[in-house]
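Architecture at a glance
Take a look at the letters that make up each chain.
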Amino acid sequence: MDERTYTADAEPGDEATVAGWVHEIRDLGGIAFLILRDTTGKIQIKFEKDEMDDDLVETGLGVHRESVIRVAGAVEEEERAPTGVEIVPDSVEVVAEADPELPLDPSGKVDAELPTRLDNRTLDLRKDEVKAIFEIRAELLRSVREAFRGLGCTEINTPKIVATGTEGGTELFPITYFGEEAFMNQSPQLFKQLMVGSGLERVFEIGPIFRAEEHNTPRHLNEATSIDFESAFFDESDAMDACETVVRAAYEGVAENCADQLDALGLAETFEVPDEAFPRLSYEEAIERINATGELDEQLVWGDDLPTEGEHALGKEMGQHYFITEWPSEIKPFYIKDKDDGQLSTGFDLMHPSMELVSGGQREHRYDHLVDGFEQQGLDPDAFEYYTKMFRYGMPPHAGWGLGGERLVMTMLGLDNIREAVLFPRDRQRLSP
Ligand code: ATP
Ligand code: MG
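Residues numbered from 1 in each chain as written. Chains lettered and ligands numbered in written order. Predicted model: local features only at pLDDT ≥ 70, side-chain atom pairs only at ≥ 80, totals over all residues. Heavy atoms only, no water.

Thoughts on the domain arrangement of the chain
Reports of interface size often rely on the accessible area that becomes lost once the parts have come together. Short version of the rule: Domain delimitation in this document rests on an assignment produced automatically or drawn from a domain database.
Domain assignment breaks the chain into domain 1 (7–96) and domain 2 (122–279 + 320–421). Distance between the C-alpha centres of domain 1 and domain 2: 47 Å.

Structure, rendered in structure tokens:
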């Protein structure tokens, strides 16, 4: 590759070659300015028509917006320029021409609807505030990985093509695997559990989960990124501690390393790392408090799942992240361990005021109870023999959780649609790009 200076690194006194996209051209008659944009920012290129070679002026000012150009010249201080410097060009080369008609205006002057933006993600991510979301997402994942490492976890990768599902049959995507029926995995649940009985003991995975959600909602995707944790010799309380550590680390990483991105999103003043311990509310308390808000048409009774309006009513009261613990066993999956009386489970959810972020719990590690659980949930234990049999060869007590990566980004940044946090979302309408 040729030598190229990022616009952010161009210093007065340098002879520099910059390369990037034509953001804007402002022609004032005798003088014209071209704003060139690259991944680090923007820089002004000055054309003084009378003093410059005609060809140079013609090339520089005749190029369509969003074309890729390369400009060489002297970097000079200019306090009236947006970044305090400008380039007086010696040469301008058009590297890749853009059509005059764009499906989307990357300068943001013309608003576009979300579907248009998603159809043209490349152009959409030329906007600072959209690019910022994905730079923050990357930083969040980096911080989360580091937090897991701090907890002594090993990162694992488990299969996404599986013979059976675990989280309820209706949400499975069937595929054909050399003539046999197979499925896209809904969760790494069983595989990560198998690893706590291996020599690894404490593991995490960041990978895709596939769920054939029937309805389009602002917080469901059909392909999502799950951040999963599982540890031997942990109970649900230890797992909640680890969950809090990881979520907080994500916020801390973004606060520390994404100042410009938060600024681009208008969040520089308001972004806060959650400082208090996340309160732990029992399911019973949760439904009582929801009922007390009077926001639901019908009172919740023991055994009900929390409706979205109920989550919102309680979230408004709590005003911060909180756990809901001690869910009724009957509404948690078979692999969640019951408390001693059998009515209550060790299952928990971590809630953001606006939605569920995490489900977790201590797991059933006793072979007989586990097999009974499969049958009660209407699943054939034989189909899961690869999993259950390992519980006969020394499976320690263990606990863990799964955190929706996009929901973490979405709630952290106050995005109103989960699709904003995914480059190429998959939903009921969208299979391409
Ligand atoms: P919900 O009730 O909100 O649909 P869930 O209880 O079905 O979620 P879990 O099986 O508990 O989801 O999955 C653990 C976490 O994974 C959820 O708390 C959520 O953050 C995330 N998640 C699950 N399904 C989706 C999805 N379809 N799109 C985006 N994130 C999801
Ligand atoms: Mg859940």
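Things to note about the pairing of strand 3 (residues 41–48)
Put simply, the rule reads: Pairing between strands is defined by DSSP: at least two bridges between them are needed. Segments assigned H or I by DSSP are reported as helices when at least four residues long, segments assigned E as strands when at least two residues long, and all are numbered from the N terminus.
In terms of strand pairing, strand 2 (residues 31–38) meets strand 3 through eight bridges, oriented antiparallel. Across the sheet, residue F33 finds its bridge partner in strand 3, namely K46. The turn joining strand 2 and strand 3, which pair antiparallel and follow one another in sequence, is formed by two residues.

Here we look at the nonpolar core
Condition: Residue types Ala, Val, Leu, Ile, Met, Phe, Trp, Tyr and Cys, when buried and joined through side-chain atoms within 4.5 Å, form a set referred to as a nonpolar core. Relative accessibility decides the category of a residue: with a 1.4 Å probe and only protein chains considered, values under 20% of the type maximum give buried, values over 50% give exposed, and everything between is partly exposed.
Judged by nonpolar contacts, the single largest core of 51 residues is most densely connected at L140, F148, W401, M412 and L413. Elements supplying a minimum of two residues to this core: helix 4 (128–150), strand 10 (202–210), strand 11 (223–232), helix 6 (236–257), strand 14 (348–352), strand 15 (355–362), strand 16 (398–404) and helix 12 (405–413). Ranked by residues supplied to this core, first place goes to helix 6 with 10 residues.

Side note on the sheet that holds strand 7 (residues 161–162)
Spatially, the three strands line up as an open sheet ordered 7-9-8, and their pairing is antiparallel. Edge positions in the sheet fall to strand 7 and strand 8 (173–177), since each of these pairs with one other strand and no more.

Points about the coordination of the magnesium ion (ligand 2)
To keep it simple, the criterion reads: Here the term donor refers to an N, O or S atom within 2.8 Å of the metal (or 3.2 Å for Na, K and Ca), and because water is left out of the atoms, sites may appear incomplete.
Distances from the magnesium ion (ligand 2) to its protein donors, namely E356 (OE) and S359 (OG), fall within the range 2.2 to 2.3 Å. E356 sits in the partly exposed class, given a relative accessible area of 24%.

Points about the site of ligand 1
Quick reminder of the rule: Proximity is defined per residue: any heavy atom of the residue falling within 4 Å of a molecule or strand makes that residue near it. In protein, a polar contact means a hydrogen-donor-capable atom and an acceptor-capable atom, both N or O and within 3.5 Å, with residues adjacent in sequence counting only if both atoms are side-chain atoms; elsewhere, any N or O pair within 3.5 Å suffices. In the scheme used here, Gly and all other residues not listed as nonpolar or charged are polar, with Ala, Val, Leu, Ile, Met, Phe, Trp, Tyr, Cys and Pro taken as nonpolar and Asp, Glu, Lys and Arg as charged.
Every one of the 15 residues lining ligand 1 counts as a neighbour, but R211, H220, L221, E356 and L357 are closest to it. Within the side chain of H220, a nitrogen or oxygen atom sits 2.6 Å from an oxygen atom of ligand 1. At 3.4 Å, a backbone N or O of V358 approaches an oxygen atom of ligand 1. Put simply, the parts of the chain that give the shell around ligand 1 at least two residues each are strand 15 and strand 16. Element by element, the count of residues in the shell around ligand 1 is highest for strand 15, at four residues. Along the lines of polarity and charge, the residues of the shell around ligand 1 split into five nonpolar, four polar and six charged.

Regarding the packing of aromatic side chains
Filter applied, for reference: Between 30 and 60 degrees the pair is tilted, below 30 it is stacked and above 60 it is edge-to-face, where a pair is any two Phe, Tyr or Trp rings, Trp via its six-membered ring, whose centres lie within 6.5 Å.
Counted according to the given criterion, the structure contains 17 aromatic pairs. Seen from their ring centres, Y251 and F271 are 5.7 Å apart, and the 25° between their planes marks the pair as stacked. Taken together, the residues Y251 in helix 6 and F271 in the loop between helix 7 (259–264) and strand 12 (280–282) connect sequence positions 20 residues apart. Residue classification places Y251 among the buried residues on the basis of a relative accessible area of 5%.

Here's the deal with the UniProt feature "binding site: ATP" (unreviewed entry) in the chain
Selection criterion: UniProt positions are given in the numbering used here, feature names are shortened, and annotations may be inferred rather than shown by experiment. Contact criterion: two residues are considered in contact whenever any of their non-hydrogen atoms come within 4.5 Å of each other.
When the UniProt feature table is mapped to this numbering, "binding site: ATP" (unreviewed entry) covers R211, A212, E213, R219, H220, L221, E356, G404, G405, E406 and R407. Within the secondary structure, R219 sits in the loop between strand 10 and strand 11. In this structure R219 touches T308, M355, R407 and I418, once residues within four positions along its chain are discounted. Residues in contact with L221, not counting those within four places in the same chain, are R211, E213, E406, I418, R419, V422, P425 and R426.

Digging into the sheet that holds strand 6 (residues 154–155)
The condition that has to hold: For helices, the fitted line uses only the C-alpha atoms of the stretch in contact; every axis is such a line through C-alpha atoms, and the angle between N-to-C directions lies from 0 to 180 degrees.
As summarised here, the arrangement of the eight strands in space is 6-10-11-16-15-14-13-12, forming an open sheet in which the pairing is mixed. Of all strands in the sheet, those bounded by a partner on one side alone are strand 6 and strand 12. Judged from the seven bridges that link them, strand 11 and strand 16 form a sheet pairing that is antiparallel. Counted as the bridge partner of S226 is G404 from strand 16. Seen against the sheet, helix 4 touches strand 6, strand 10, strand 11 and strand 16 and runs at an angle of roughly 10° to strand 11. Where helix 5 (residues 189–196) meets the sheet, its contacts fall on strand 10, strand 11 and strand 16, and the angle it forms with strand 11 comes to roughly 25°.

A short note on the pattern of salt bridges
Short version of the rule: Definition used for salt bridges: Asp or Glu carboxyl oxygen within 4 Å of a side-chain nitrogen of Lys or Arg.
Using the criterion set out here, one finds 36 salt bridges in the structure. A salt bridge links E66 to R37, with the shortest nitrogen-to-oxygen separation between them at 2.7 Å. On the criterion of sequence distance, the pair formed by E66 in the loop between helix 1 (54–62) and strand 4 (68–77) and R37 in strand 2 is long-range, its members being 29 residues apart. You can call E66 buried: its relative accessible area is 2%. Exposure remark for R37: the relative accessible area of 5% places this residue in the buried category. For D228, the salt bridge goes to K192, with nearest N and O atoms at 2.6 Å. Of the two residues, D228 sits in strand 11 while K192 sits in helix 5, which places them 36 residues apart along the sequence. Note on accessibility: D228 and K192 belong to one class, buried. Residues joined by salt bridges that share partners form a network here, namely R117, R121, D124, K127 and E420.

Some points on helix 5
One full turn of an α-helix is made of 3.6 residues, so residues set three or four places apart face in the same direction. Judged by how many residues are buried, helix 5 sits mostly within the fold: seven of eight residues are covered. Turning to helix 5, its buried residues are Q189, L190, F191, K192, Q193, L194 and V196. Check the buried side of helix 5 and you find it contacts strand 7, strand 10, strand 11, helix 11 (385–388) and strand 16.

Description of the environment of T225
Here T225 shows up in strand 11. A relative accessible area of 14% means that T225 is categorised as buried. Filtering out sequence-adjacent residues up to four positions away, T225 remains in contact with R137, I206, G207, P208, L403, G404, G405 and E406. Looking at T225, its side chain comes within polar contact range of the side chain of R137, at 3.1 Å. There is a polar contact of 2.6 Å between the side chain of T225 and the side chain of E406.

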